[in-house]
Amino acid sequence: MNTFLPSIEKPQGLMMKLAYYFTRRQFGKVLTPLKVHSARLPSAFGLFYTKIGKLDKKLTLPPETVVLIREQVARINVCLFCMDIGRSFAIKTAMNEAKFDALEDYGTSPLFTDAERAALDYVTELTKDKKVNPDSFARFSRYYSERAICEIVWLVASEHLYNMTNIGLNIHSNMLCDISRKRNRGR
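The numbers attached to residues start from 1 for each chain and follow its sequence in the written order. Per-residue local features of the predicted model are confined to residues with pLDDT of at least 70, and side-chain atom pairs are confined, for both listing and counting, to 80 or more; whole-chain, interface and lining totals are unaffected and use all residues. The side-chain figures draw on all heavy atoms in the structure; neither hydrogens nor water molecules are used.

Peer 1: Describe the side chain of K35, naming the residues involved and giving the relevant values.
Peer 2: Helix and strand definitions here come from DSSP, where helices need a minimum of 4 consecutive H or I residues and strands a minimum of 2 consecutive E residues; each element is numbered from the N-terminal end. In this structure, K35 sits in helix 2 (residues 32-36). Its relative accessible area of 13% is what places K35 among the buried residues. Apart from the residues within four sequence positions on either side, K35 is in contact with P6, S7, I8, E9, Y20, V30 and R40. Burial status follows relative accessibility: with a 1.4 Å probe on protein chains alone, a residue under 20% of its type maximum counts as buried, one over 50% as exposed, and anything between as partly exposed. Contacts are assigned to residue pairs that have any heavy atoms within 4.5 Å of one another.

Peer 1: Explain the environment of I171 residue by residue, including any values.
Peer 2: Within the secondary structure layout, I171 lies in the loop between helix 9 (146-168) and helix 10 (176-185). Through-space distance from the C-alpha of I171 to that of S43 is 20 Å; in sequence the pair is 128 residues apart. Contacts of I171, omitting those with residues within four sequence positions, involve T3, T32, P33, V36, F81 and N166.

Peer 1: Give a description of the packing of aromatic side chains that names residues and reports values.
Peer 2: Here the aromatic set is Phe, Tyr and Trp, taking the six-membered ring for Trp, and pairing holds for ring centres within 6.5 Å; pairs whose planes are under 30 degrees apart are stacked, those over 60 apart are edge-to-face, and all others are tilted. Scanning all chains against the criterion turns up 9 aromatic pairs. Aromatic ring contacts, followed pair by pair, group Y122, F137, F140 and Y144 into a single cluster.

Peer 1: Pulling in residues and values, what's your account of helix 9?
Peer 2: Its 23 residues place the ends of helix 9 33 Å apart at the C-alpha level, agreeing with the 33 Å of an ideal helix rising 1.5 Å per residue. Of the residues making up helix 9, those classed as buried are A148, I149, E151, I152, L155, V156, S158, E159, H160, N163, T165 and N166. Among the residues trailing helix 9, N170 stands out with phi positive, at a value near 60°. Expected span, for any helix, means 1.5 Å times one less than how many residues it has.

Peer 1: Could you give an account of a nonpolar patch on the surface, with specific residues and numbers?
Peer 2: Taken together, the side chains of L14, M15, L18, Y21, F22 and L47 present a nonpolar region at the surface, about 610 Å² in accessible area. Tallying contributions element by element places helix 1 (residues 14-27) first for the nonpolar patch, with 5 residues. Residue placement: Y21 occurs in helix 1. Grouping into patches uses exposed residues only, defined as over 30% relative accessible area, and leaves out salt-bridged ones; the cut-off is 9 Å for like charges and 5 Å for nonpolar side chains (Val, Leu, Ile, Met, Phe, Trp, Tyr). To measure how exposed things are, a 1.4 Å probe is used in the Shrake-Rupley method; for residues, cover is taken only from the protein chains shown. The term salt bridge refers to a side-chain nitrogen of Lys or Arg lying within 4 Å of a carboxyl oxygen of Asp or Glu.

Peer 1: Outline the layout of surface pockets, supporting the account with residue identities and numerical values.
Peer 2: A cavity here means a set of 1 Å grid points, computed over protein atoms only, where a 1.4 Å probe fits but cannot escape. A pocket is an open set with protein on both sides within 12 Å along at least 5 of 7 lines, and lining residues have an atom within 4 Å of a point. Grid points are joined across faces, edges and corners, and a volume is the space filled by probe spheres set on the points. Roughly 1,500 Å³ of internal volume is contained in the largest pocket. In this structure, the largest pocket is lined by 40 residues; those nearest its centre are Y49, T50, G53, F89 and Y162. Listed by contribution, the elements that provide at least two residues to the lining of the largest pocket are helix 1, helix 2, helix 3 (43-56), helix 4 (63-77), helix 5 (80-92) and helix 9. Under this grouping Gly is polar, as are all residues other than the nonpolar Ala, Val, Leu, Ile, Met, Phe, Trp, Tyr, Cys and Pro and the charged Asp, Glu, Lys and Arg. Looking at the lining of the largest pocket residue by residue, the class counts come to 21 nonpolar, 12 polar and 7 charged.

Peer 1: How would you sum up the side chain of S109? Please name residues and give values.
Peer 2: Here S109 lies in the loop between helix 6 (97-101) and helix 7 (114-129). When sequence neighbours within four positions are dropped, the list of residues in contact with S109 reads A102 and R117.

Peer 1: For the nonpolar core, give the residues involved together with the corresponding values.
Peer 2: Working definition of a nonpolar core: buried Ala, Val, Leu, Ile, Met, Phe, Trp, Tyr and Cys residues. They are joined through side-chain atoms within 4.5 Å. In this structure, L61, V123, F140, Y144 and I152 are the most contacted members of the largest nonpolar core, which totals 17 residues. Among the secondary structure elements, those contributing two or more residues to this core are helix 4, helix 7 and helix 9. Contacts of L61, omitting those with residues within four sequence positions, involve V66, Y144, A148, E151, I152 and L155. Among the nonpolar cores identified, the runner-up in size contains 11 residues, and A74, F81, C82 and L176 belong to it.

Peer 1: Lay out a positive patch on the surface in plain terms, naming residues and giving numbers.
Peer 2: All tallies of charge rest on Lys and Arg as positive and Asp and Glu as negative; His and the ends of each chain are not included. Here the site of a charge means atom NZ of a Lys, CZ of an Arg, CG of an Asp or CD of a Glu. Together, K51, K54, K57 and K58 line one region of the surface with positive charge. Turning to its location among the elements, K58 is positioned in the loop between helix 3 and helix 4. Overall, K58 belongs to the exposed group, its relative accessible area being 59%.

Next up, the structure:
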């Protein structure tokens, strides 16, 4: 499937050229959202996207929880690029891929804790309904601190930003999982 706007292969400006270089170095290719979306906007927009990643490093939630929450939102919104990059991060960080694969069945899978189920129920409800039942929140809040709750809300909101950018421009998978698997085999 083609993106709605063509990719910009040769960016203008030093900042964008550096962004292309560093994403090629990190992922083995320049990511489609960068070539279709960010290359058309002032560099401050691209810097905002990198800021999200930096802010995620300040989260106190376990990295596996962060990946699972982002992946659940991306799955519900059917953002193929985000689902792909989420799996790529899971592979790179040696996350339990069986758990990642069982995400669709988190409610019954023994791989998930009750706390994770409560968080994923909350995330699912918020993403699908754009609101949360007070009973769902009460159950969820039994497992998480106020800070962790706010971090989870941040993850849902920021993942929506990524998802809507990609969906709105018909950006699909960059096959990053395949690249990550090849790199892991080469080690």
